[in-house]
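This is what each chain is made of:
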Amino acid sequence: DALMEHASVASFSQFSMDLLALGAPPELLAGAQRAALDEIAHARSCFSIAAALGGKRWGPGVLAAPNVPRRNLVTAAVAAFHEGCVGETLAAAIVAAQAERCNDASLRTLLESIAHDELSHAELAWRFVSWACQIGGRPVVDALATAAERLHSPPAAPTPPALPVGVLNAAGRLSEAQWSDTATRVYTQVLRPAVAQLLHSVATRPAMAPPRAVRSGAAAT
């Protein structure tokens, strides 16, 4: 978990660069910066818990900076959809389910805080995608509709330690079946309806004029 949270810092840093290149509203950029700081805090907390449980110090190593090509409005919207709308929404639900079953008060409080933050990250991604649809028009909407068609089933559940379900739950972990059940409900009850509602609302709203940086720069291509 700590390593994934650590990697998310880079993801939100890339998202911030996308927002700057596309001339996104300042409130979206501020949200991306806050999200990156959230992920730093999550990683530190998870590494601390791992160290306390494992009896030795854990921490992040060098994270190789990915060579991500400059994203245009379409590719940035699709990336935000996969990583934020889908990934962060699923993460928020999984962590919330972990918190519900955890019987350690301090760990449960931490998990609840992380779930709250992940939900705010998901909301940020949905707001960006909605903005991108409004200024990008049909190319962005079509690309998102294609991405949404692939939401047939959630990813495979991670394999938990070979411990009884009650032991896993008490420590704030889910069994493979619990993880899969939670993810399936998120896909069927949240993600698919949310995408359908977004695409419908975009189709019924007038288009927004794109920022000058998007109109005049390579980001609009």
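Look above for the structure.
Scoring rules and cut-offs
Residues numbered from 1 in each chain as written. Predicted model: local features only at pLDDT ≥ 70, side-chain atom pairs only at ≥ 80, totals over all residues. Heavy atoms only, no water. Axes fitted to C-alpha atoms, helices over the stretch in contact; angles between N-to-C directions. Helix = DSSP H or I, 4+ residues; strand = E, 2+ residues; numbered from the N terminus. Parallel < 35°, antiparallel > 145°, perpendicular 65-115°, else oblique. Contact = heavy atoms within 4.5 Å. Nonpolar A, V, L, I, M, F, W, Y, C, P; charged D, E, K, R; others polar. Disulfide = S-S within 2.5 Å. Buried < 20%, exposed > 50% of the residue type's maximum accessible area, 1.4 Å probe, protein only. Core = buried A, V, L, I, M, F, W, Y, C linked by side-chain atoms within 4.5 Å.

**With respect to the packing of helix H1 (residues 2–22) against helix H2 (residues 26–54)**
Here H1 crosses H2 at 170°, and the two axes come no closer than 8 Å. Here H1 lies roughly antiparallel to H2, going by the angle between them. Facing H1, whose interface residues are Ala2, Leu3, Glu5, His6, Ser8, Val9, Phe12, Phe15, Ser16, Leu19 and Leu20, H2 presents Leu28, Leu29, Ala32, Gln33, Ala35, Ala36, Glu39, Ile40, His42, Ala43, Cys46 and Phe47. In terms of residue class, the contact of H1 with H2 is built from 16 nonpolar, 5 polar and 2 charged.

**Here's the deal with the state of the cysteines**
Taken as a whole, this structure holds 0 disulfides when the rule is applied. Summary of cysteine pairing: Cys85 is not part of a disulfide, and the nearest cysteine sulfur, belonging to Cys133, is at 9.3 Å. Relative accessible area serves as the criterion here: at 0%, Cys85 is assigned to the buried category.

**Some thoughts on the nonpolar core**
In terms of nonpolar packing, the biggest core is built from 46 residues, with Phe15, Phe81, Trp126, Phe128, Val129 and Trp131 touching the most fellow members. Looking at this core, the elements with two or more residues in it are H1, H2, helix H3 (73–101), helix H4 (105–136), helix H5 (138–149) and helix H7 (176–204). Core analysis: the next-biggest nonpolar cluster, separate from the first, contains 11 residues, Phe47, Val95, Leu111 and Ile114 among them.

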